[in-house]
Protein chains: 2
Amino acid sequence: MSSNPPKLLDGNALAALWKQKIKVACAAFDQKPCLAAVLVGSDGASQSYVQFKMKDCQEVGFQSKLIQLPENTSQASLLQTIEDLNKDASVHGYIVQLPLPKHIDEQTIVAAIDPTKDVDGFHPLHAGRLMLGRPGFVPATPWGIVAMIDHYNIPTEGAEIAIIGRSHIVGRPLSVLLSSSPKNGTVTLLHSKSKNLKEHCLRADILIAALGKPGFVTADMVKQGAVVIDVGTTRVQDHSIARGWRLKGDVDFEQVAPKTKAISPVPGGVGPMTRIGLLHNTLEAYKTFNP
Amino acid sequence: MSSNPPKLLDGNALAALWKQKIKVACAAFDQKPCLAAVLVGSDGASQSYVQFKMKDCQEVGFQSKLIQLPENTSQASLLQTIEDLNKDASVHGYIVQLPLPKHIDEQTIVAAIDPTKDVDGFHPLHAGRLMLGRPGFVPATPWGIVAMIDHYNIPTEGAEIAIIGRSHIVGRPLSVLLSSSPKNGTVTLLHSKSKNLKEHCLRADILIAALGKPGFVTADMVKQGAVVIDVGTTRVQDHSIARGWRLKGDVDFEQVAPKTKAISPVPGGVGPMTRIGLLHNTLEAYKTFNP
């Protein structure tokens, strides 16, 4: 057991600080940054994510624009929308909410977004810039995690860092960011084919769970005094709540927290910082238009 | 000590097989693939690398074109050469030999190369495609190492893989390739800031040394029965040879080899396969012109 209670990596509090900072920056602009979101179809989760993003814009003083298209929108028609957004000087950054309906090829869509407006950072050019250590838009979740690490002064140089999950939008880019200068961690990227996963986790000074399996990380997988960052946000049934579900992370928080030096909760950890990532990138996109 | 002598990962023999394969493919084409190389200045090592590349083209039946520019070539003038090559339909792929003189910004130059002709795979778009698991030109050295792993049927799925060195052209892309599907290794990327480097190496089923420090990997860092791949090619003084130098790898071969299941020598290991990588990418570039 840890002699001191673990520090909570409070994503809500940190996000509030960032929102204030962005709001102040925004107040100084005559023309306001504008984020557009394209939503195809009526998936419930996607709709609520997009609503949150629009609400975040409002809070910090950004303009926002929601383009809702029916489920049966053709790929050609969506590409036309993208072309329009690429040309629209009043839109500084935009996202196409994923996943898209199955008849639309996501890679084709993402590649059509003007990289200077691709505030999700999903375009291959941004992935390449990230890999080569050059400026570009970092996807929102890895950005948020790095911002959290920075804020809480978590030492990364030479630290043993285990990341579980190699998705293109979280684990993979995070593994590159944390093993590159200036973070300089020693990163092991773990995934479904890894053997000795527990042993790798037990060696980690910083353990990051981004695999999307609720409660996967248990106390026996965590080194005493480690920092644990939980990226999981799975909706699990909970009929004690009116909406019928709650978010559950990849870490068994109750069991794991007492062993850690610091830990991010779910909800209220990485999630709020992911939302800041999008605002941050939108502000950066705006600045490239108004340098 | 190993009961069986280690298998030699013979880059020369494998490169000869590949050359034959590419030569046969090339013989079937009326118009031949053409690789151009731009060499700025008169650095001795760069000149000999470029000469090797031109010679390789000749051997497999490719056309080649060497564009030599003086050391004091301006960046604008080099960019014009690149623009000409981008437009030149007779050139299917080209490289700009690095390093460039200090008054020229390499990133600007590389970003100006048409990605469809960037057979070095250095353009950020190729780095991004590699990171996202999409088709693109893989830099020659990581390509050659993966080809070697494939040829010798070295199991990678779930294997513990330690890579020493995180350069943009070797360690970093290799770490992505080997930890992605279909290789599915558990990769730890080690570098100058890593602590416990020896412990990580000792756990590795596959140890890849790409840091450029001759003899860095010693026998006490290698697990009995591991596969060791040596990417180092440092020129060290050797006055017993007329030219005054020889190539030395990052691995102390004599001492390490007896502990390994398989090991690549220097010279004659990764080096020849790196040269095949360029031919392979040129052939692929040609096919995009003549699908």
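Undergrad: I would appreciate a short explanation of the sheet that holds strand β6 (residues 186–190) of chain A in the present structure.
TA: What holds strands together in a sheet is hydrogen bonding between their backbones, with the strands either parallel or antiparallel. Spatially, β1(A)-β11(A)-β8(A)-β7(A)-β5(A)-β6(A)-β6(B)-β5(B)-β7(B)-β8(B)-β11(B)-β1(B) is the arrangement adopted by the 12 strands of the open sheet, whose pairing is mixed. Two strands close off the open sheet at either side, each with one partner strand: β1 (7–8) of chain A together with β1 (7–8) of chain B. Here strand β5 (residues 160–164) of chain B pairs with strand β6 (residues 186–190) of chain B via 5 bridges, running parallel. Residue pairing in the sheet places Ile164 of chain B in a bridge with Leu190 of chain B of β6 of chain B.

Undergrad: Sorry, what's going on with the packing of helix α6 (residues 140–151) of chain B against helix α7 (residues 171–179) of chain B here?
TA: The description of two helices packed together rests on the angle between their axes and the distance between the axes. Residue and element names in this part refer to chain B. Remark: α6 packs on α7, axes separated minimally by 9 Å, with the N-to-C direction vectors making an angle of 35 degrees. Here the hand of the crossing between α6 and α7 comes out right-handed. For the pair formed by α6 and α7, the contact residues are Pro142, Ile145, Val146 and Ile149 on the first element and Pro173, Leu174, Leu177 and Leu178 on the second. A class-by-class count of the residues in the contact of α6 with α7 yields 8 nonpolar, no polar and no charged.

Undergrad: What's the story with the relation of the copies chain B and chain A in this structure? I'm lost.
TA: Relating one copy of the chain to the other takes a rotation about an axis and a shift parallel to that axis. Each copy of the sequence occupies a distinct position, and chain B is placed on chain A by a rotation of 180 degrees and an axial shift of 0.0 Å, giving an RMSD of 0.0 Å. Taken together, the rotation and translation describe the operation of a two-fold axis. Minimal C-alpha separation from the rotation axis in chain B is found for Gly128 of chain B, amounting to 1.7 Å. Mapped onto chain A, 100% of the interface residues of chain B are again interface residues, and the two copies thus contact each other with one and the same surface.

Undergrad: What is the right way to look at the domain arrangement of chain A in this model?
TA: The accessible area lost on association of the parts is a frequent measure of interface size. Under the domain assignment, chain A is made up of domain 1 (32–114) and domain 2 (139–271). Of note, the centres of domain 1 of chain A and domain 2 of chain A, computed from C-alpha atoms alone, are 28 Å apart.

Undergrad: Would you mind going over helix α1 (residues 11–27) of chain A with me for this structure?
TA: Residues and elements named next belong to chain A. Helix length check: α1 (17 residues) gives 24 Å between terminal C-alpha atoms against 24 Å at 1.5 Å per residue, within 8%. Buried within α1 are the following residues: Gly11, Leu14, Ala15, Trp18, Lys19, Ile22 and Cys26. The buried residues of α1 occupy one face: seen down the axis, they fall within an arc of 140 degrees. In α1, the exposed positions that point more than 90 degrees away from the buried face belong to Leu17, Lys21, Val24 and Ala27.

Undergrad: Just to check I follow, could you spell out helix α2 (residues 44–60) of chain B for this structure?
TA: Residues and elements named next belong to chain B. Across its 17 residues, α2 extends 25 Å between first and last C-alpha, which sits within 8% of the 24 Å expected from 1.5 Å per residue. Elements that come into contact with the buried residues of α2 comprise α1 (11–27), β2 (34–40), β3 (63–69), β4 (93–96) and α10 (270–289). For α2, the side-chain oxygen to backbone nitrogen distance between the N-cap and Ala45 is 3.4 Å, and the N-cap itself is Asp43. Where α2 ends, the next residue or the one after it, Gly61, has phi of about 95 degrees, a positive value.

Undergrad: What should I look at first to understand the packing of aromatic side chains in this one?
TA: Geometrically, a pair of aromatic rings is defined through the distance of the ring centres and the angle of the planes. Taken as a whole and assessed by the stated rule, the structure comprises 4 aromatic pairs over all chains. The interplanar angle of 75 degrees and the centroid separation of 4.9 Å between the aromatic rings of Trp18 of chain A and Trp143 of chain A together place this pair among those described as edge-to-face. A residue pair is termed long-range when its members are at least 10 positions apart, and Trp18 of chain A in helix α1 and Trp143 of chain A in helix α6 (residues 140–151) qualify at 125 residues. Each member of the pair, Trp18 of chain A as well as Trp143 of chain A, carries the same accessibility label: buried. We note Lys21 of chain A situated over the ring of Trp18 of chain A; from NZ or CZ to the ring centre the distance is 4.0 Å. Between the NZ or CZ atom of Arg243 of chain B and the centre of the ring of Trp245 of chain B, over which it lies, the distance is 3.9 Å.

Undergrad: I'm lost on the interface of chain B and chain A in this one. Help?
TA: Facing the 39 residues of chain B at the interface are 39 residues of chain A. Between chain B and chain A, the buried area comes to about 3,300 Å², and carbon and sulfur atoms account for 52% of it. Our count for the contact surface shared by chain B and chain A stands at 23 residue pairs in polar contact (both at pLDDT 80 or more). Broken down by secondary-structure element, the contributors of at least two residues to the side of chain B that touches chain A are α5 (124–131), α7, β6 and α8 (197–203) of chain B. Residue contributions to the side of chain B that touches chain A peak at 7 residues, all from α5 of chain B.

Undergrad: For this particular structure, what's the right way to read the side chain of His123 of chain A?
TA: With respect to the element layout, His123 of chain A can be found in the loop between α4 (106–112) and α5 (124–131). There is a polar contact of 3.3 Å between the side chain of His123 of chain A and the backbone oxygen of Ala111 of chain A. Of note is the side chain of His123 of chain A, whose polar atom sits 3.0 Å from the backbone nitrogen of Leu125 of chain A. In contact with His123 of chain A, other than residues within four places in its own chain, are Val110, Ala111, Ile113, Pro115 and Asp118 of chain A together with Leu125 of chain B.

Undergrad: Help me out: how do you make sense of empty space enclosed by the protein in this one?
TA: Using a probe with the size of a water molecule, rolled over the atoms, empty space left in the structure can be pinpointed. One pass over the full model with this rule turns up 5 cavities of 30 Å³ or more. The space that makes up the largest cavity amounts to roughly 110 Å³. Lining the largest cavity we find Arg172, Ser175, Val176, Ser179, Val187 and Leu189 of chain A together with Arg172, Ser175, Val176, Ser179, Val187 and Leu189 of chain B. Split by residue class, the lining of the largest cavity holds 6 nonpolar, 4 polar and 2 charged.

Undergrad: Please explain the sheet that holds strand β3 (residues 63–69) of chain A as it appears in this structure.
TA: All names here are of chain A. Pairing is parallel in the open sheet, where 3 strands are placed in the order β3-β2-β4. Two strands in the sheet have a free side with no partner beyond their single neighbour: β3 and β4 (93–96). Mean inter-strand twist for the sheet, computed between neighbouring axes without regard to direction, equals 15 degrees. In terms of strand pairing, strand β2 (residues 34–40) meets β3 through 7 bridges, oriented parallel. Residue Ala37 lies in a different strand from β3, and its bridge partner there is Leu66. Across the sheet, helix α2 (residues 44–60) touches β2, β3 and β4, and the angle it forms with β3 is around 160 degrees.

Undergrad: How do you make sense of the side chain of Gln97 of chain A when you look at a structure like this?
TA: Residues and elements named next belong to chain A. Locating Gln97 in the fold gives a position in the loop between β4 and α4. With relative accessibility at 7%, the residue Gln97 sits in the buried group. Within the local environment of Gln97, its side chain forms a polar contact with the side chain of Lys53, the two groups lying 2.8 Å apart. Beyond its immediate sequence surroundings of up to four residues, Gln97 is in contact with Val38, Leu39, Ser46, Tyr49, Val50 and Lys53.

Undergrad: Please explain the pattern of salt bridges as it appears in this structure.
TA: Close approach of charged atoms allows side chains with opposite charge to pair. All names here are of chain B. What the rule picks out here adds up to 24 salt bridges over all chains. One salt bridge in this structure joins Glu59 and Lys19, with 3.3 Å as the shortest N-O distance. Here Glu59 is found in helix α2, whereas its partner Lys19 is found in helix α1, with 40 residues between them in sequence. Owing to a relative accessible area of 36%, Glu59 belongs among the partly exposed residues under this scheme. With a shortest N-O distance of 3.2 Å, Lys87 and Glu83 are connected by a salt bridge.

Quick notes on the rules
Residues numbered from 1 in each chain as written. Chains lettered and ligands numbered in written order. Predicted model: local features only at pLDDT ≥ 70, side-chain atom pairs only at ≥ 80, totals over all residues. Heavy atoms only, no water. Pairing = 2+ DSSP bridges. Helix = DSSP H or I, 4+ residues; strand = E, 2+ residues; numbered from the N terminus. Axes fitted to C-alpha atoms, helices over the stretch in contact; angles between N-to-C directions. Left-handed = near helix turned anticlockwise from the far one by under 90°. Contact = heavy atoms within 4.5 Å. Nonpolar A, V, L, I, M, F, W, Y, C, P; charged D, E, K, R; others polar. Least-squares fit on C-alpha atoms with pLDDT ≥ 70 in both. Domains from an automatic or database assignment. Expected span 1.5 Å × (residues − 1). Buried < 20%, exposed > 50% of the residue type's maximum accessible area, 1.4 Å probe, protein only. Arc of directions from axis to C-beta. Polar contact = N/O pair within 3.5 Å; in protein donor to acceptor, adjacent residues only side chain to side chain. Phe/Tyr/Trp six-rings, centres within 6.5 Å; stacked < 30°, edge-to-face > 60°. Lys NZ or Arg CZ within 6 Å of the ring centre and 35° of its normal. Buried area = accessible area lost by both parts, 1.4 Å probe. 1 Å grid on protein atoms, 1.4 Å probe; cavity = no way out; pocket = protein on both sides within 12 Å on 5 of 7 lines; lining within 4 Å. Points joined across faces, edges and corners; volume = space filled by probe spheres on them. Salt bridge = Lys/Arg side-chain N within 4 Å of Asp/Glu carboxyl O.

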